[in-house]
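Chain by chain, the residues run as shown.
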Amino acid sequence: MKQQQALQLFEDKKVRTLWDAEQEKWYFSIVDTIMVLTGSSIPKRYWTDLKKKLVKEGSQLYENIVQLKMQSADGKYYKTDVAELLSL
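Residues numbered from 1 in each chain as written. Predicted model: local features only at pLDDT ≥ 70, side-chain atom pairs only at ≥ 80, totals over all residues. Heavy atoms only, no water.

Caption draft 1: Geometry of the pairing of strand S4 (residues 66–71). Note that S4 and strand S5 (residues 77–84) share 6 bridges and pair antiparallel. Bridging across to S5, Lys 69 finds its partner in Lys 79. Where S4 hands over to S5, the hairpin turn is made up of 5 residues, of which Gly 75 adopts a positive phi near 90 degrees. (Pairing = 2+ DSSP bridges. Helix = DSSP H or I, 4+ residues; strand = E, 2+ residues; numbered from the N terminus.)

Caption draft 2: Expanded view of the pattern of salt bridges. This structure, assessed with the given rule, holds 4 salt bridges. In this structure, the salt-bridge partner of Glu 84 is Lys 25, at a minimum N-O distance of 3.3 Å. In this pair, Glu 84 sits in strand S5 while Lys 25 sits in strand S3 (residues 25–29), placing the two residues 59 residues apart along the sequence. By relative accessible area, which is 33% here, Glu 84 ends up partly exposed. One salt bridge connects Asp 49 with Arg 45, and the closest N-O pair in it is separated by 3.2 Å. Separated by 4 residues within a single helix, Asp 49 and Arg 45 lie in helix H2 (residues 43–56), roughly one turn from each other. Residue Arg 45 is classed as exposed on the basis of its relative accessible area, which comes to 51%. (Salt bridge = Lys/Arg side-chain N within 4 Å of Asp/Glu carboxyl O. Buried < 20%, exposed > 50% of the residue type's maximum accessible area, 1.4 Å probe, protein only.)

Caption draft 3: Geometry of the side chain of Ser 40. Looking at the secondary structure, you find Ser 40 in the loop between helix H1 (30–38) and H2. The exposure class of Ser 40 is buried, given its relative accessible area of 16%. In terms of polar contacts, Ser 40 uses its side chain to reach the backbone amide nitrogen of Ile 42, at 3.2 Å. When sequence neighbours within four positions are dropped, the list of residues in contact with Ser 40 reads Met 35 and Tyr 46. (Polar contact = N/O pair within 3.5 Å; in protein donor to acceptor, adjacent residues only side chain to side chain. Contact = heavy atoms within 4.5 Å.)

Caption draft 4: Representation of the side chain of Thr 80. Locating Thr 80 in the fold gives a position in strand S5. Residue class for Thr 80 comes out buried when judged on its relative accessible area of 11%. Excluding residues that lie within four positions of it along the chain, Thr 80 makes contacts with Arg 16, Ser 29, Val 66, Gln 67, Leu 68 and Met 70.

Caption draft 5: Spatial organisation of the environment of Val 31. Within the element layout of this structure, Val 31 appears in helix H1. When the C-alpha atoms of Val 31 and Arg 16 are compared, they prove to be 9.3 Å apart, with 15 residues separating the residues in sequence.

Caption draft 6: Inspection of H1 at higher detail. Listing the buried residues of H1 in full gives Ile 30, Val 31, Asp 32, Ile 34 and Val 36. Directly after H1, the chain includes Gly 39, whose backbone phi takes a positive value near 75 degrees.

See below:
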């Protein structure tokens, strides 16, 4: 799987992205996206609480979430929840 990592800027906030050339798909870090959309100071906690709520409600959304390694602020690579960009 050939992948290319990149940062996207949205209102001066960084969103980690990953391009999968084989599948021709963009993946976005969910935690980074939550930070941009909600302005939350602790987006990881926001996402954890939301996942619990979705499971409790019987949502199947979380089944479509995958984890990929993305570079964090400390320069190391960690698995993070990502969602793919859907075309309409």
